[in-house]
Amino acid sequence: MFAHQLADGAEFRPLEPWRAAEFAKHADRVRPDIRDYIPWAWTVVDERTAGEYLQSYADKQAKDEAGIYGIWVDGVLQGGTVFRTFDAGTGVCEVGVWLAAEMRGRGLINRAVRHMIDWAFHERGMHRVEWVCDTRNTASAAVAKRLGMTCEGVHRQSFVLGGKRRDSQVWAVLATEWGEAAPEPRG
Ligand SMILES: CC(C)(COP(=O)(O)OP(=O)(O)OC[C@H]1O[C@@H](n2cnc3c(N)ncnc32)[C@H](O)[C@@H]1OP(=O)(O)O)[C@@H](O)C(=O)NCCC(=O)NCCS
């Protein structure tokens, strides 16, 4: 399977259903770091539910409608990204991300998402990449901003997490803006 190097020792690859046990272990470890913002942190609780979650992505990927990828640092799964939605017909997709707390602040997510956006725009001819985050999630909004996305507004009380209704902020970058909007960061 393909692997894209993000940094020394850090690799970005597809996260496939056969990795269910590894994903379940990862979910247990990072749950406290991500459960305020990541819905699957509440539902992936063992190898069976991890397998079901990865399989749901594999099924959508087979229809070219989504994708899930992992970030391994020194061989350990530390986070990942998704094309939560991917609609080649309209040219619109949405990216999502998560990372173990101790791996943050190194630009790993920035590099992984750049790779996805480059692929979406340059190889797949997509038109618009979206990023949706809880309005309280300043770390996530900072990622979108560093990528050169524009904040387009807030969808009020648009999703439920942990039994609470949340507002979501919508960010996006258009194919015509990519490159100019997000020059490669140094480092
Ligand atoms: C959102 C999340 C993945 C961001 O992780 P991150 O490590 O801050 O993301 P980035 O890869 O963009 O890294 C940026 C940081 O690395 C630093 N950095 C170092 N080298 C860098 C480089 N080459 N490029 C970009 N940033 C770099 C930046 O200065 C920044 O640090 P700062 O936050 O101290 O300013 C993380 O906070 C997380 O997992 N949160 C919980 C889950 C979540 O909220 N997911 C999003 C749901 S919408």
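Note: the structure precedes this text.
Colleague: For the overall build of the chain, give the residues involved together with the corresponding values.
Modeller: On a plain count of helices and strands, the chain comes out with five helices and eight strands. Order of helices (α) and strands (β) in the chain, N terminus to C terminus: β-β-α-α-α-β-β-β-α-β-α-β-β. Against the compact-globule benchmark of 16 Å for 187 residues, the chain has a radius of gyration of 16 Å, which places it among compact chains. When the backbone C-alpha atoms are referred to their principal axes, the chain occupies close to 40 × 40 × 35 Å. Here the chain holds 187 residues, and 46% of them are scored as buried. For the chain, the proportion of contacts with a sequence separation of at least 24, taken over those separated by at least 6, is 58%. Accessible surface, the chain as shown: approximately 9,800 Å² in total, 50% of it carbon and sulfur. Once the 24 positive and 26 negative side-chain charges of the chain are each reduced to a mean point, those two points are 6 Å apart.

Colleague: Please set out the packing of helix α1 (residues 20–34) against helix α3 (residues 47–62) residue by residue, giving values where relevant.
Modeller: The geometry of α1 relative to α3 is characterised by a closest axis approach of 8 Å and an angle of 110° between their N-to-C directions. The angle between the axes of α1 and α3 places the two elements in the roughly perpendicular class. Crossing of α1 against α3: the hand is right-handed. On α3, the residues that touch Ala20, Ala21, Phe23 and Ala24 of α1 are Glu47, Ala50, Gly51, Tyr53 and Leu54.

Colleague: Go over the site of the ligand, please, and point to the residues and values.
Modeller: Close to the ligand lie 24 residues; Val97, Leu99, Ile109, Asn110 and Asn137 are nearest. At a separation of 3.3 Å, an oxygen atom of the ligand approaches a polar backbone atom of leucine 108. Within the complex, 76% of the 950 Å² of free accessible area of the ligand lies under protein. In this structure the site holding the ligand corresponds to the largest pocket. For the shell around the ligand, the elements supplying multiple residues, two or more each, are β5 (92–99), α4 (108–123), β6 (128–134) and α5 (138–146).

Colleague: Requested: an account of the nonpolar core, with residues and values cited.
Modeller: Counting residues in each nonpolar core, the largest one holds 55 residues, and the members touching the most others are Phe23, Trp40, Trp98, Val129, Trp131 and Met149. In terms of residue count, the dominant contributor to this core is α4 (eight residues). Dropping the residues within four chain positions of it, valine 129 is found in contact with Cys93, Val95, Ile117, Ala120, Phe121, Met149, Trp171, Ala172 and Val173.

Colleague: I'd like a description of the state of the cysteines, backed by residues and values.
Modeller: Per the counting criterion, the structure on display carries zero disulfides. Free of any disulfide, cysteine 93 has its nearest cysteine sulfur in cysteine 133, 16 Å distant. Owing to a relative accessible area of 0%, cysteine 93 belongs among the buried residues under this scheme.

Colleague: Lay out the packing of aromatic side chains with the relevant residues and their values.
Modeller: Counting across every chain of the model gives twelve aromatic pairs. The interplanar angle of 80° and the centroid separation of 5.0 Å between the aromatic rings of tryptophan 40 and tryptophan 98 together place this pair among those described as edge-to-face. One end of the pair, tryptophan 40, is in helix α2 (residues 40–43); the other, tryptophan 98, is in strand β5, with 58 residues separating them in the sequence. Owing to a relative accessible area of 5%, tryptophan 98 belongs among the buried residues under this scheme. Seen in terms of ring centroids, phenylalanine 86 and tryptophan 119 are 5.7 Å apart; in terms of plane orientation they differ by 40°. Their pairing is tilted. Of this pair, phenylalanine 86 sits in strand β4 (residues 76–87) while tryptophan 119 sits in helix α4, and the two are 33 residues apart along the sequence.

What counts, and at which threshold
Residues numbered from 1 in each chain as written. Predicted model: local features only at pLDDT ≥ 70, side-chain atom pairs only at ≥ 80, totals over all residues. Heavy atoms only, no water. Helix = DSSP H or I, 4+ residues; strand = E, 2+ residues; numbered from the N terminus. Rg over C-alpha atoms; globule rule 2.2 N^0.38 Å. Buried < 20%, exposed > 50% of the residue type's maximum accessible area, 1.4 Å probe, protein only. Contact = heavy atoms within 4.5 Å. Areas by Shrake-Rupley, 256 points an atom, 1.4 Å probe, with all protein chains shown as cover. Lys, Arg positive; Asp, Glu negative; His and termini not counted. Charge placed at Lys NZ, Arg CZ, Asp CG, Glu CD. Axes fitted to C-alpha atoms, helices over the stretch in contact; angles between N-to-C directions. Parallel < 35°, antiparallel > 145°, perpendicular 65-115°, else oblique. Left-handed = near helix turned anticlockwise from the far one by under 90°. Near = heavy atom within 4 Å. Polar contact = N/O pair within 3.5 Å; in protein donor to acceptor, adjacent residues only side chain to side chain. 1 Å grid on protein atoms, 1.4 Å probe; cavity = no way out; pocket = protein on both sides within 12 Å on 5 of 7 lines; lining within 4 Å. Sits in = over half its atoms within 2 Å of the grid points. Core = buried A, V, L, I, M, F, W, Y, C linked by side-chain atoms within 4.5 Å. Disulfide = S-S within 2.5 Å. Phe/Tyr/Trp six-rings, centres within 6.5 Å; stacked < 30°, edge-to-face > 60°.

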